[in-house]
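Geometric and topological summary
Residues per chain, in single letters:
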Amino acid sequence: MAKAIRVMTKDSALVPLVAIILGLLVGALIMLAGGYNPLTAYASLIEKVIGDPYSIGETVREITPLLLTGLSVAFAFRTGLFNIGGEGQFIMGMTGATWVGVKLTLPFWLHAPLAIVTGAVLGGLWGAIAGYLKARRGVNEVITTIMLNWIALYLGNYIVSRYLLQPGQQRSFLIHDTASISLNALSALFGNARLHLGIPIALLAAVAFYVLLWKTRQGYELRAVGHSPSAAEYAGMNVNAGIVRAMFIGGVFAGLAGVFEVLGVFHYQVISAASPGYGFDGIAVALLGGNHPLGVVLAAALFGTLTYGSAGMSFGADVPPEIIRVIIGTVIFFVASHGIIRWLLKPLRAGRKPGEVA
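The grouping of Trp99, Ile151, Leu155, Tyr158 and Tyr163 at the surface amounts to a nonpolar patch, some 470 Å² of accessible area in total. Sorting elements by how many residues they give to the nonpolar patch places helix H7 (residues 141–164) first, with 4 residues. Inspection of the secondary structure puts Tyr158 in helix H7.

Moving on, we come to the packing of aromatic side chains. Enumeration according to the criterion identifies 12 aromatic pairs in this entry. Here Phe90 and Tyr278 contribute two aromatic rings whose centre-to-centre distance is 5.4 Å and whose plane-to-plane angle is 35°, an arrangement assigned as tilted. One end of the pair, Phe90, is in helix H5 (residues 86–103); the other, Tyr278, is in helix H13 (residues 278–288), and 188 residues separate them in sequence. Tyr278 matches Phe90 in its accessibility class, with the two residues each being buried. Among the aromatic residues, those joined into a cluster by ring pairs are Phe75, Phe209, Tyr210, Trp214 and Phe253.

Scanning the model with the defined rule gives 6 salt bridges in all. Notably, a salt bridge pairs Glu58 with Arg194, separated by 2.8 Å at the nearest N-O pair. Of the two residues, Glu58 sits in helix H4 (residues 53–78) while Arg194 sits in the loop between helix H8 (184–189) and helix H9 (198–215), which places them 136 residues apart along the sequence. When its relative accessible area of 1% is taken as the criterion, Glu58 is described as buried. Taking relative accessible area as the criterion, Arg194 reaches 28% and is therefore assigned partly exposed.

Once that is clear, we can look at the packing of H4 against H13. At a minimum axis distance of 7 Å, the contact between H4 and H13 shows a crossing angle of 70°. Between H4 and H13, the interaxial angle falls into the category roughly perpendicular. Touching Arg61, Glu62, Pro65, Leu66, Thr69, Gly70, Val73 and Ala74 of H4 are Tyr278, Gly279, Asp281, Gly282, Ile283, Val285 and Ala286, all from H13. Considering only residue class, the contact of H4 with H13 consists of 8 nonpolar, 4 polar and 3 charged.

A few words now on unusual backbone geometry. You will see that Asn192, though not glycine, has its phi angle at about 65°, which is positive. Look at Asn192 and you get exposed, because its relative accessible area is 59%. Not every positive phi belongs to a glycine, and His267 is a case in point at roughly 70°. Checked against the element boundaries, His267 lands in the loop between helix H12 (239–266) and H13.

For the rest of this paragraph, the subject is the side chain of Ser72. Inspection of the secondary structure assignment puts Ser72 in helix H4. What makes Ser72 buried here is its relative accessible area of 0%. Among the polar contacts listed, one links the side chain of Ser72 to the side chain of Asn83, at a separation of 2.9 Å. Once residues lying within four places of it in the same chain are set aside, the contact partners of Ser72 are Asn83, Gln89, Gly250, Gly251, Phe253 and Ala254.

Considering the arrangement of structural elements, one finds Arg61 in helix H4. Residue Arg61 is classed as buried on the basis of its relative accessible area of 6%. Excluding anything up to four places from it in sequence, Arg61 contacts Arg194, His196, Glu261, Val265 and Tyr278.

The next point concerns helix H14 (residues 293–317). An α-helix turns once per 3.6 residues; consequently, residues spaced three or four apart project the same way. Between its first and last C-alpha, H14 extends 35 Å over 25 residues, near the 36 Å set by a 1.5 Å rise per residue. Gly309 marks where H14 bends most, by close to 35°. At the exit of H14 stands Asp318, carrying a positive phi of roughly 60°.

This next bit is on the environment of Met92. The topology assignment puts Met92 in helix H5. For the pair Met92 and Tyr132, spaced 40 residues apart in sequence, the C-alpha to C-alpha distance is 18 Å. If near-sequence neighbours (up to four positions away) are discounted, Met92 is found in contact with Gly119, Leu122, Gly123, Trp126, Ala152 and Leu155.

Parameters and conventions
- Residues numbered from 1 in each chain as written.
- Predicted model: local features only at pLDDT ≥ 70, side-chain atom pairs only at ≥ 80, totals over all residues.
- Heavy atoms only, no water.
- Patch = residues over 30% accessible without salt bridge, like charges linked within 9 Å, V, L, I, M, F, W, Y side chains within 5 Å.
- Areas by Shrake-Rupley, 256 points an atom, 1.4 Å probe, with all protein chains shown as cover.
- Salt bridge = Lys/Arg side-chain N within 4 Å of Asp/Glu carboxyl O.
- Helix = DSSP H or I, 4+ residues; strand = E, 2+ residues; numbered from the N terminus.
- Phe/Tyr/Trp six-rings, centres within 6.5 Å; stacked < 30°, edge-to-face > 60°.
- Buried < 20%, exposed > 50% of the residue type's maximum accessible area, 1.4 Å probe, protein only.
- Axes fitted to C-alpha atoms, helices over the stretch in contact; angles between N-to-C directions.
- Parallel < 35°, antiparallel > 145°, perpendicular 65-115°, else oblique.
- Contact = heavy atoms within 4.5 Å.
- Nonpolar A, V, L, I, M, F, W, Y, C, P; charged D, E, K, R; others polar.
- Polar contact = N/O pair within 3.5 Å; in protein donor to acceptor, adjacent residues only side chain to side chain.
- Expected span 1.5 Å × (residues − 1).
- Bend = angle between axes of the 7 residues up to and from the residue.

Structure representation (structure tokens):
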């Protein structure tokens, strides 16, 4: 418990908190400039999120993929890598789960687990490609992951259109019921919100993130490689293997996000003209969460709430939902601009008594 308190009271936790407040204030100023009432808008947002059981369930559903892609990015950051490829890994996870869910006919106790594992492994392998290119060829992972995002988008579209397409539709066949992870009984309690088994698994993934990085020898080696590759190599660690392993694990997290969207939410995969965006939002979630699993959970909850609640702002206060993206962008700007926030907090720090802890 003491460790959890220290995490939440560190200066690194204060910066995102102030950034969120500043982001909301900037959003309010923008709404005022546009002739909208920010108090009505934010009240409508809150009403949309917690106004009824269905909205609560859908908000939780919206948080789940953001949590997993945030963990994907944060894991890579913790090991000294920049995983900008969560989008492609997300799509490959979707594609793997869709293939197994549509093409195979298996008993329920085997079908869904196999679809989950297949999608997760494909997402991991998609991340490992970038890791291998960096480890063996010295290719910057930012470049390769961005390129792999586009390759995954068009490869996923090709697989769906060539092998899985529902005739007359721009989507795949529905997955078999035995591959579904929807929690129908629980969904009924929440007004038929699209709740699924991936929600508790995502929370377990955050726990696994923490245990792996801070409680295992392998995690220690991965963090050591991230802090100083040369020192890790001098200590006898396999730096190249660590890079590939870290990108694989990050890809697994993002792949799971795509898996759960197919198996738990939509039950099919569409031919997309553009990326779904969860992988890129995961970068913002990881940044706001300080690349710590607890911070990522809280940041995903915030972003998911704002994203789902933006529709309430539109209907309740006639505010364009794009304002939410402005607020999120402003929050990220302030998180990245530590100096601005510390300058704003300087008068408060100056007023502390000598020896008082921040």
